[in-house]
Amino acid sequence: MSNFNDFLQEQLKDPEFKSEWDALEPEFELMRLLVEARREKGLTQKQLSEMTGISQADISRLESGEGNPSLKTIQRLATALDRKVQLVFV
């Protein structure tokens with residue numbers, strides 16, 4: 001992973017790249033929190049799917065950053081994972 005981190009640090013020196021990277025931070029954070037919460041509960045994607053009615057494929061897409069969930073979907077996932085959604089504008 002060191003090679004990727006070195007590469008990323010080099011790319012982040014480019015202001016245009018850094019701006020794009022920073023713009024994606026909320027999506028990265030949502031992905032990380034979703035995977036972390038699911039694993040803490042000891043759930044597979046399939047089990048979470050069964051609990052929420054959200055397809056396993058859609059959960060996989062959300063966790064990999066390929067999905068674009070609605071707030072309602074995020075709330076359904078949070079409820080199943082015994083979490084709450086908190087939105088903050090800064």
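Bear in mind the structure is a predicted one, so any value in this text is a computation, not a measurement. For every chain, the first residue of the written sequence is number 1, and numbering continues from 1 along that sequence. Reporting in this predicted model follows two pLDDT cut-offs: at least 70 for local features of residues, and 80 or more for side-chain atom pairs to be given and counted; totals over whole chains, interfaces and linings ignore these cut-offs and use all residues. Processing note: side-chain calculations cover all non-hydrogen atoms of the structure and skip hydrogens and water entirely.

Enquirer: What should I look at first to understand a nonpolar patch on the surface in this one?
Expert: Residues form patches when they are more than 30% accessible in relative terms and have no salt bridge. Like charges link within 9 Å. Nonpolar side chains (Val, Leu, Ile, Met, Phe, Trp, Tyr) link within 5 Å. For accessible areas, the Shrake-Rupley method is used with a probe of radius 1.4 Å. Any residue's cover is judged against the shown protein chains and nothing else. Criterion for a salt bridge: a side-chain nitrogen of Lys or Arg within 4 Å of a carboxyl oxygen of Asp or Glu. Where nonpolar side chains cluster on the molecular surface, the patch consists of L71, V85 and L87 and spans about 260 Å² of accessible area. Per-residue accessibility, obtained with a 1.4 Å probe over protein chains only, is compared with the maximum for each type, and a residue is labelled buried under 20%, exposed over 50%, and partly exposed between these values. Relative accessible area serves as the criterion here: at 34%, V85 is assigned to the partly exposed category.

Enquirer: Any chance you could explain the layout of surface pockets here in plain terms?
Expert: Regions of empty space are outlined by a rolling probe, equal in size to a water molecule, passed over the atoms. By volume, the largest pocket is sized at about 550 Å³. L30, L33, I74, V85 and Q86 are the residues nearest the centre of the largest pocket, which is lined by 19 residues in total. For the lining of the largest pocket, the secondary-structure elements that each account for two or more residues are α3 (25-40) and α6 (71-80). A run of DSSP states H or I qualifies as a helix once it reaches four residues; a run of E qualifies as a strand once it reaches two. Both are numbered from the N-terminal end. No other element matches the six residues that α3 contributes to the lining of the largest pocket. Considering only enclosed or pocket space, the second largest pocket measures out at about 160 Å³ in volume. A per-element tally of the lining of the second largest pocket places α3 first, with four residues. Under the scheme applied here, ten amino acids are nonpolar (Ala, Val, Leu, Ile, Met, Phe, Trp, Tyr, Cys and Pro), four are charged (Asp, Glu, Lys and Arg), and all others, including Gly, are polar. For the lining of the second largest pocket, the residue count by class is five nonpolar, three polar and one charged. Grid points spaced at 1 Å over the protein atoms alone were grouped into cavities, where a 1.4 Å probe fits but cannot get out, and pockets, open sets with protein on both sides within 12 Å along at least five of seven lines, with lining residues defined by an atom within 4 Å of a point. Grid points are joined across faces, edges and corners, and a volume is the space filled by probe spheres set on the points.

Enquirer: Whenever I open this one, the packing of aromatic side chains confuses me. Can you help?
Expert: Working definition: an aromatic ring pair is given by the centre-to-centre distance plus the angle between the planes. A pair of Phe, Tyr and Trp rings is counted when the ring centres sit within 6.5 Å of each other, with Trp represented by its six-membered ring. The angle between the planes then sorts it: under 30 degrees is stacked, over 60 is edge-to-face, the rest tilted. All chains considered together, the criterion is met by two aromatic pairs. Ring geometry for F17 versus W21: centroids 6.2 Å apart, planes at 15°, classification stacked. Highlighted residues: F17 and W21, both in helix α2 (residues 15-23), separated by four residues, approximately one helical turn. Residue classification places W21 among the partly exposed positions, given a relative accessible area of 26%. Ring geometry for W21 against F28: centres 5.0 Å apart, planes inclined by 50°, an arrangement best described as tilted. Ring-pair connections join several aromatic residues into one group, and the members of that group are F17, W21 and F28.

Enquirer: Would you take a moment to explain unusual backbone geometry for this structure?
Expert: Backbone geometry follows two general trends: most residues other than glycine have a negative phi, and most peptide bonds adopt the trans configuration. Although it is not a glycine, D82 sits at a positive phi angle of roughly 55°. Here D82 falls in the exposed class, since its relative accessible area comes to 57%.

Enquirer: What is the right way to look at α3 in this model?
Expert: Residues separated by three or four positions in an α-helix point in the same direction, a consequence of the helix having 3.6 residues per turn. Along its 16 residues, α3 runs 22 Å from first to last C-alpha, staying within 8% of the 22 Å computed at 1.5 Å per residue. Those residues of α3 that sit buried are M31, L34, V35, A37 and R38. End-on, the buried residues of α3 take up no more than an arc of 165°, which puts them together on one face. Looking at α3, the residues exposed on the side facing more than 90 degrees away from the buried face are P26, R39 and E40. Note on α3: the residue one or two positions beyond its end, G42, has a positive phi of about 70°. Multiplying one less than the number of residues by 1.5 Å gives the expected span of a helix. Read the arc as the range of directions from the helix axis to the C-beta atoms.

Enquirer: Mind showing me how you'd approach the pattern of salt bridges here?
Expert: Pairs can form between side chains of opposite charge whenever their charged atoms are close. Under the definition given, this model contains nine salt bridges. For E29, the salt bridge identified is with R32, shortest N-O distance 2.7 Å. Pair noted here: E29 and R32 are both in helix α3, with a separation of three residues, about one helical turn. One continuous salt-bridge network, built from bridges that share partners, spans E29, R32 and E36.

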